[in-house]
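Summary of the model geometry
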Amino acid sequence: MIDRTSYVRLIEQSLRSLGYEDVAVALEAASNVQQSSVTATRFREAVLGGEVDAALGLLGELEGELVEKEVEVEGRRRDADGGVVAVEAGTGQPGSRSSLDLGSIRRRVQRRVDQARYLLFCNMFRTLVEAGEAGKALKCLREDIQPLESVLGTDGEHGGASLDRQDVQPSMSSMSSMPEDVDMGVGGFGDALQQRMDTLRETVGVTFGDFPMNFGVQSAISRYSTGAAATAATTTAPATNVDYRGTAPPVTTAAIAVPKASGGPVSEASPPSLSALASMLLQANRGAPPLPPKRLREYGDVDVRRQEQLLRELQHLLSPEVLIPDNRLETLVEQALTWQIKRCPYHNASNAALSLMSDYQAGPESLPTVPVHTLTLHADEVWVVQFSPDGKWLVSASKDGSAILWDVQSSRKVVFSRILHSGRVPINIGAFSPTSQEVLIGSNDGKVRIFKVSTGDLLAELTSAMGSSALSPSPNPNQDTSISSAMWGNSSSRIALSCNKELRMIDIDIQVPCEPFVLKPIRVIPVRLQNHAYDSVLSADGGTFVSVGQDRMIRYVRVSDRKVVTRGPEPAAVTCLSRSSDGKFLASNLANGCIHIWQLGDLSHRDTEGRDVDMRDSDVSTLSPTTEPPPDPMESLPAGPLFVLKGLETSQPGRFVIRSAFGGIGDAFVGTGSENALVHIWHRETETLLASVEGHQATVNAVAWNPRNHHMLASASDDHKVIIWLSPKHLASTARGE
């Protein structure tokens, strides 16, 4: 399975990275295996040292080695498939039983070498612009980059209309007449360059916008280019011995995409067109004051990192067989450790003790299965339990009409803080704000109350009348006042509700005093539904409702453009929904005891510049049509659930709402209650039931996982109790004072 030669090369690289150069040299002599050729080593050093002349010259020498390695790789691949004999060592020729298309391989390698030249020249161009060498930058653009763009950027791959050769060449020729000593200093680079840019603008039809000096941001490059890809007068590769390169500063930027070419790896970002590069030159006219000494030192550090990134781009582009990626052996070892962690269903530690001498293993001791606290202040069934995002508070709410705030002082101590509310109407909703500074509770009378966590003060009160006619002072007396769900948006100034057949996004200002605490919303955004919403959650970006109703369909409803995507139907009635803390997953609890895990994630609408559309603005017709927007994430939602947690199904549907919760490291676990008084813990990805623990004497209605302590779980039951659970491993470590 492991190729001996490649393995030895990686060991030699690792030895050198650890500082054992003598040992690496001895291994090369003993094994007759060289880590890299002399040419590859010199090329790597030239790139890291900013020696552009040397790097460009060595590319030609590397081409033959790249062809030989490509033939070897192709030969091994076909040999593994039974097609050809392995490549004869050192000849670069295929075996005798079949033949490889050497001409095709050479053309493919030539294309990659041209891409590497393009990458180096683009970085050289940026460096010349930063150094104020306008004439030399313009010469590089016309004599080096433009011909390569013609060779590599064919068939309209820049995304714009093709320009005839005669349309572009005169303007580029006129630009080239500019002297090389044009001032590029602070305050301007002279009228000559401006006139040349105006000529190019008029001839080609390119609009030069504000091009950011951070040339690595490809979205900005494509944003400020109209896509006019200039073609060149020649298809020959540019010479590499042009005199201006000798005085150029080191290469500083690597994250520049290469024009697409079939058969070779490329960057995912769009390639910069001539118009984008010229726009960068024009942008330099705005200048900037000199950096202070401290910032100059920081800029130098960034410069080194850019050269390292450039080398990584070239390693990926050309061939890792020739240019071995840095720390490759260490990367492979880390991948193996990561795989061991991923395949262990009990992994629940952010700092797992990993060993290279044995496989990683964790057991049930990592799960919160030991009851350590029993909270008994409620006088009736407890329906709600929820931790704050910072893990320092716990709220519980009951059928008896009370909502209690608990102080999570440590992993082993949860104490009573205060009674937030006490009444006669059952409370079925509780949620903390993203900042953990406020908490809301919702009751069966259609009211949502907001409290300040630190003092317990009532800040505001909302009612279910705040719907599409919420700003009207007189609600419909026959309207159903129940609220099935209430949650915070992605800030403390937005509340999301589901009530009746409507989803509502309500903007509020809880800092404004209100008497008698009845809050008048700033704005209400209603979304009408065809069916009553049993439950709903909000995506992590705060812009998409996910609801479920009587028809058992999972509905994704984006507020900004009212787009609706449905999935399902579920095989049984859905009693409730819950979202993972990272926002990536959605759990639907079915009445038959099964739990389906659906994909969620960021479902926000994005405009043509990749920015989120503000949910307050439902008019998306203002989006610019000039650039294709990124794919709509709602269009790629899977047709079915990602994971199915089954094994507890019942022949008869359950009678109660049982709320589950994601938790543990990376939200890898799903905890849920049950009508048989047990708390169950599942591993999400393997769909394995890991634990079923006893402690309650009646139906467990809800569970909650502490987002800051992956070893702590809370459960609420009809036995009037809230139980805090910890893992045996965590208990042992705290007992030792760790």
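In the block above lies the structure referred to throughout.
Heads up: these notes are all about the structure in this document. (Residues numbered from 1 in each chain as written. Predicted model: local features only at pLDDT ≥ 70, side-chain atom pairs only at ≥ 80, totals over all residues. Heavy atoms only, no water.)

1. Comments concerning the overall build of the chain
In terms of helices and strands, the chain carries 13 helices and 28 strands. In the chain, which comprises 738 residues, the share counted as buried stands at 49%. Residue pairs at least 24 apart in sequence account for 59% of intrachain contacts in the chain once pairs closer than 6 positions are excluded. By element, 50% of the accessible surface of the chain is carried by carbon and sulfur atoms, the whole surface being about 33600 Å². (Helix = DSSP H or I, 4+ residues; strand = E, 2+ residues; numbered from the N terminus. Buried < 20%, exposed > 50% of the residue type's maximum accessible area, 1.4 Å probe, protein only. Contact = heavy atoms within 4.5 Å. Areas by Shrake-Rupley, 256 points an atom, 1.4 Å probe, with all protein chains shown as cover.)

2. Quick word on helix α1 (residues 4–17)
The terminal C-alpha atoms of α1, which comprises 14 residues, lie 20 Å apart, in line with the 20 Å expected from a rise of 1.5 Å per residue. For α1, every residue scored as buried is listed here: Val 8, Arg 9, Leu 10, Glu 12, Gln 13, Ser 14 and Leu 15. Gly 19 sits one or two positions beyond α1 and adopts a positive phi of about 95°. (Expected span 1.5 Å × (residues − 1).)

3. Topic: the packing of aromatic side chains
One pass over the structure, following the stated rule, counts four aromatic pairs. Plain terms: the ring middles of Trp 406 and Phe 416 are 6.0 Å apart, the flat faces sit at 80° to each other, and that makes the pair edge-to-face. Taken together, the positions of Trp 406 in strand β4 (residues 402–410) and Phe 416 in strand β5 (residues 413–422) put the pair 10 residues apart, joining distant regions of the chain. Residue Trp 406 is classed as buried on the basis of its relative accessible area of 3%. (Phe/Tyr/Trp six-rings, centres within 6.5 Å; stacked < 30°, edge-to-face > 60°.)

4. Some points on the pattern of salt bridges
The final tally for this structure, using the stated rule, is 20 salt bridges. The residue Arg 112 makes a salt bridge to Glu 70 at a minimum N-O spacing of 3.6 Å. Here Glu 70 lies in helix α4 (residues 52–80) and Arg 112 lies in helix α5 (residues 102–130), a separation of 42 residues in the sequence. The two residues Arg 112 and Glu 70 agree in class, both being buried. Salt-bridge contacts for Lys 136 lead to Glu 133; the nearest nitrogen and oxygen are separated by 4.0 Å. Among the ionic contacts, a cluster of salt bridges with common partners joins Arg 558, Asp 561, Lys 563, Asp 632 and Glu 635. (Salt bridge = Lys/Arg side-chain N within 4 Å of Asp/Glu carboxyl O.)

5. Topic: the packing of α5 against helix α6 (residues 134–152)
Remark: α5 packs on α6, axes separated minimally by 9 Å, with the N-to-C direction vectors making an angle of 155°. Between α5 and α6, the interaxial angle falls into the category roughly antiparallel. Where α5 crosses over α6, the two elements pack in a sense that is left-handed. Facing Arg 111, Asp 114, Gln 115, Arg 117, Tyr 118, Phe 121, Cys 122, Met 124, Phe 125, Leu 128 and Val 129 of α5, the residues of α6 in contact are Lys 136, Ala 137, Cys 140, Leu 141, Asp 144, Ile 145, Leu 148, Glu 149, Val 151 and Leu 152. Here the contact of α5 with α6 is built from residues that sort into 14 nonpolar, one polar and six charged. (Axes fitted to C-alpha atoms, helices over the stretch in contact; angles between N-to-C directions. Parallel < 35°, antiparallel > 145°, perpendicular 65-115°, else oblique. Left-handed = near helix turned anticlockwise from the far one by under 90°. Nonpolar A, V, L, I, M, F, W, Y, C, P; charged D, E, K, R; others polar.)

6. Examining α5
Here α5 contains 29 residues, and its C-alpha end-to-end distance of 42 Å stays within 8% of the 42 Å for a straight helix at 1.5 Å per residue. Just beyond α5, the residue with positive phi is Gly 132, at close to 85°.

7. Let's talk about the sheet that holds strand β10 (residues 485–488)
Taken together, four strands build an open sheet; the order of strands is β10-β11-β12-β13 and the sheet is antiparallel. Of all the strands in the sheet, the pair left with one neighbour each is β10 and β13 (523–528). Neighbouring strand axes in the sheet, compared pairwise and without regard to direction, differ in orientation by 15° on average. With six bridges connecting them, strand β12 (residues 502–507) and β13 associate as antiparallel partners. Looking at the pairing, Met 505 lines up with Ile 525 of β13. (Pairing = 2+ DSSP bridges.)

8. Some words on the environment of Ala 46
Topologically, Ala 46 is positioned in helix α3 (residues 38–48). In this structure Ala 46 comes out as buried when scored by relative accessible area, which is 2%. Linking Ala 46 and Leu 311, residues 265 residues apart in sequence, is a C-alpha distance of 9.7 Å. With sequence-adjacent residues up to four places away left out, Ala 46 is seen in contact with Glu 51, Ala 54 and Ala 55.

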